[in-house]
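Structure assessment
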Amino acid sequence: HGDRLTVDLPELSLADAPESAPLDLVVVGCGPSGLGVAERAAARGLSVGLVDPDPLSPWPNNYGVWVDELEDLDLADTSAKVWSKARVIIDDEHPEGLVLDRPYAQVDRTKLKTKLLERSVAGGVRFMRARVDRVEHGRSQSKLVLLGG
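Residues numbered from 1 in each chain as written. Predicted model: local features only at pLDDT ≥ 70, side-chain atom pairs only at ≥ 80, totals over all residues. Heavy atoms only, no water.

What about the packing of helix 1 (residues 32-43) against helix 3 (residues 109-122)?
- Contact geometry for helix 1 and helix 3: axes closest at 8 Å, N-to-C directions at 30°. Classified by the interaxial angle, the pair formed by helix 1 and helix 3 is roughly parallel. Two packed elements cross with a definite hand, and for helix 1 against helix 3 that hand is left-handed. Across from Pro-32, Leu-35, Ala-38, Glu-39 and Arg-40 in helix 1, the residues of helix 3 making contact are Lys-113, Leu-116, Leu-117, Arg-119 and Ser-120.
- Within the contact of helix 1 with helix 3, the residues separate by chemical class into five nonpolar, one polar and four charged. (Axes fitted to C-alpha atoms, helices over the stretch in contact; angles between N-to-C directions. Helix = DSSP H or I, 4+ residues; strand = E, 2+ residues; numbered from the N terminus. Parallel < 35°, antiparallel > 145°, perpendicular 65-115°, else oblique. Left-handed = near helix turned anticlockwise from the far one by under 90°. Contact = heavy atoms within 4.5 Å. Nonpolar A, V, L, I, M, F, W, Y, C, P; charged D, E, K, R; others polar.)

Following this line, the structure appears as structure tokens:
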């Protein structure tokens, strides 16, 4: 699946987030969505923690996205390959598919994860290497219970 990433991640420890001063947001999982949410929330001034058992591990999946969506997120430089048109199959009436005149990109997983990690770190996101067992919801806040305590 590739080599581990080499981004210096600020650690989040349980002592950093006592119950008297909880984080605004804790994101579980360091996939594309988790990193995107963490980075965007931190950019808006929220205190954000991200919990993942191995946040620097490479993503195993391939991802594709419309080029204009990458551009809107300032991530156009993270594409590995771009096709000028895309063919989509949406139903049995058109088994040959429909051609869309919209550029589509295969994402370079390492470039995308590195860029999202770097943006998250720059925004103040802190990372905890752990697995979440469950979430306990209270009246005004929620609490993560980690595996092993």
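Observations concerning the sheet that holds strand 1 (residues 25-28)
- An order of 1-2-8 is seen for the three strands of this open sheet, with the pairing classed as parallel. Strands with a single pairing partner mark the edges of an open sheet, and in this sheet they are strand 1 and strand 8 (126-129). Within this sheet the neighbouring strands show an average axis-to-axis angle of 25°, counted without direction.
- Sheet topology note: the strand 2 (residues 48-52)/strand 8 ladder contains four bridges and is parallel. Looking at the pairing, Asp-52 lines up with Arg-129 of strand 8.
- The sheet strands contacting helix 1 are strand 1, strand 2 and strand 8, and the helix crosses strand 2 at an angle near 165°. (Pairing = 2+ DSSP bridges.)

A few points about the nonpolar core
- Counting 24 residues, the largest nonpolar core has Leu-35, Val-48, Leu-50, Leu-117, Val-125 and Phe-127 as its most contacted members.
- Contributing elements (two or more residues each) for this core: helix 1, strand 2, helix 2 (67-72), strand 7 (104-107) and helix 3.
- Here the element with the most residues in this core is helix 1; it accounts for four residues.
- Among residues more than four places away in sequence, those in contact with Leu-117 are Leu-5, Val-7, Leu-9, Cys-30, Leu-35, Pro-55, Leu-56 and Phe-127.
- Residues Leu-23, Met-128, Ala-130 and Leu-146 belong to the second largest nonpolar core, which totals six residues. (Core = buried A, V, L, I, M, F, W, Y, C linked by side-chain atoms within 4.5 Å. Buried < 20%, exposed > 50% of the residue type's maximum accessible area, 1.4 Å probe, protein only.)

The values are spatial; any link to function lies outside them.
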